[in-house]
Amino acid sequence: MAAYHAVTWEENKLRLIDQRALPGELIYVTYRDYEDVADAIRSMVVRGAPAIGITAAYGMALAAQQSDATDVDALQKDLRNAADVLNAARPTAVNLSWALARIVRRVSDPQIETVDGLKAVVLDEARAIQAFEERSNEQIGQNALSLVPEGAVFVHHCNTGPLATGGIGTALGVIITAHQAGKNVHAYVDETRPRLQGGRLTAWELQQWGVPHTVIADGAAAHVMRTVGVDLCVVGCDRVAANGDTANKIGTYSLALAAHAHDVPFYVVGPTSTIDMAVASGDEIEIESRPASEVSHALSCRITPEGSPVANPAFDITPARYITGIITEQGIAYPPYEESLAALMADAEE
Ligand code: MRU
């Protein structure tokens, strides 16, 4: 496993890596208050769909600790309020609401009779969610191995490694696992404007794991496909609709179109906790709009003229027809996704 841990629960506190400081500094921040945890998710101290789900789950454990409720009903009410606060932090990644719903469901169990018992259940469920994501990452890496040829050249978008998932990673986990299995792989890393999760975080993670890589500007990916040759693109996901349409970091859709034009297989990689069967298609997925300053400035330096309007959609939807396959811990789904995802989800663990 990694020598760094994005999300850790220790001594009744939550510890996060401040991902905004990487790659310059590896800083850990400790949280005791669930409202501060909601802020950490909103301001992207922690980011990546599975990691924010795990973080929110431990945020609920903090909310349970903070509550001065003296009976089970009052504590359940406090926890439902905390879940609402945490859930409002970011809208697109379904892992956030998935993790919170799991905890709210467990704490609503009428058999829980004491306040202490209820608090223990919250922490137990948060730990189970973290363990699920770690296990899923391992299995995803194994499931993908047969798709990765010896000498594979990848393009990867955003950051989907241990920082984003708590485990070995999803799309980046596919690359790291193939490298660890002895395959001679090379990853082209999209820098991923505006927040540079690729250039800052993915390149840093690939250094930690010793995986050969090259950072490119987002707009260079099609050129690399045409001139170098790319075997496969792997990207993560924030919410996959029942028809396979996928919300992921802005720029994923452009990469999928470039891959389609160059006959490069394009794989979405994620745990089943990121598949939202309640959403029929990508049209129903809310796309987070983030502050204009993320686009008008790069690393605190203004790069657009004062007064020029800026739009900052943080995610886009890649239509299912551009997706070769969706790699999960339950197996790989192929089109038609309505059928294959439904079959995978029927087997998925809760
Ligand atoms: O805005 P971010 O950095 O949270 O966006 C992250 C992504 O889009 C990832 O690709 C996705 O969450 C999958 S992480 C395994």
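Coordinates for the structure precede this section.
Residues numbered from 1 in each chain as written. Predicted model: local features only at pLDDT ≥ 70, side-chain atom pairs only at ≥ 80, totals over all residues. Heavy atoms only, no water.

Visitor: So what's going on with the environment of methionine 345? Residues and values would help.
Guide: Following the sequence through the fold, methionine 345 ends up in helix 12 (residues 337-347). The sequence separation of methionine 345 and isoleucine 275 amounts to 70 residues, and the corresponding C-alpha distance is 8.2 Å. Residues within four places of methionine 345 in sequence aside, it is in contact with Thr272, Ile275 and Met277. (Helix = DSSP H or I, 4+ residues; strand = E, 2+ residues; numbered from the N terminus. Contact = heavy atoms within 4.5 Å.)

Visitor: Got a sec to walk through unusual backbone geometry? Specific residues and values, please.
Guide: The omega torsion of the bond from arginine 193 to proline 194 falls at 5 degrees, within 30 degrees of zero and hence cis. Proline 335 connects to proline 336 through a cis peptide bond whose omega is 0 degrees. Mapping proline 336 onto the fold places it in the loop between strand 16 (331-333) and helix 12. Although it is not a glycine, leucine 299 adopts a positive phi angle of roughly 50 degrees. Relative accessible area serves as the criterion here: at 68%, leucine 299 is assigned to the exposed category. Although it is not a glycine, serine 300 adopts a positive phi angle of roughly 75 degrees. (Buried < 20%, exposed > 50% of the residue type's maximum accessible area, 1.4 Å probe, protein only.)

Visitor: Now, about empty space enclosed by the protein: what can you tell me, with residues and values included?
Guide: Applying the stated criterion across every chain, the model contains three cavities of 30 Å³ or more. Approximately 190 Å³ is the volume attributed to the largest cavity. Taken together, 22 residues line the largest cavity, and the ones lying closest to its centre are Arg47, Gly48, Ala49, Asn159 and Asp238. Going through the elements one at a time, helix 2 (49-66), helix 6 (162-165) and strand 9 (246-249) are the ones with two or more residues in the lining of the largest cavity. The residue inventory of the lining of the largest cavity, partitioned by class, reads nine nonpolar, nine polar and four charged. Roughly 40 Å³ of volume is contained in the second largest cavity. (1 Å grid on protein atoms, 1.4 Å probe; cavity = no way out; pocket = protein on both sides within 12 Å on 5 of 7 lines; lining within 4 Å. Points joined across faces, edges and corners; volume = space filled by probe spheres on them. Nonpolar A, V, L, I, M, F, W, Y, C, P; charged D, E, K, R; others polar.)

Visitor: Outline the side chain of aspartate 190, listing residues and values.
Guide: Along the polypeptide, aspartate 190 turns up in strand 5 (residues 186-190). Buried and unpaired, aspartate 190 has no salt bridge, with lysine 249 as the nearest side chain of opposite charge at 12 Å. (Lys, Arg positive; Asp, Glu negative; His and termini not counted. Salt bridge = Lys/Arg side-chain N within 4 Å of Asp/Glu carboxyl O.)

Visitor: Requested: an account of the site of the ligand, with residues and values cited.
Guide: Contacts to the ligand come from 19 residues, most closely from Arg47, Arg90, Asp238, Asn248 and Lys249. Note that an oxygen atom of the ligand is positioned 3.0 Å from one of the backbone N or O atoms of glycine 48. One of the side-chain nitrogen or oxygen atoms of glutamine 197 is found 2.8 Å away from an oxygen atom of the ligand. For the ligand, the accessible surface in isolation is 410 Å², of which the surrounding protein chains cover 99%. Every element with two or more residues in the shell around the ligand is listed here: helix 2, helix 6 and strand 9. In the shell around the ligand, the residues fall into seven nonpolar, eight polar and four charged. (Near = heavy atom within 4 Å. Polar contact = N/O pair within 3.5 Å; in protein donor to acceptor, adjacent residues only side chain to side chain. Areas by Shrake-Rupley, 256 points an atom, 1.4 Å probe, with all protein chains shown as cover.)

What is shown is where atoms sit, not what they do.
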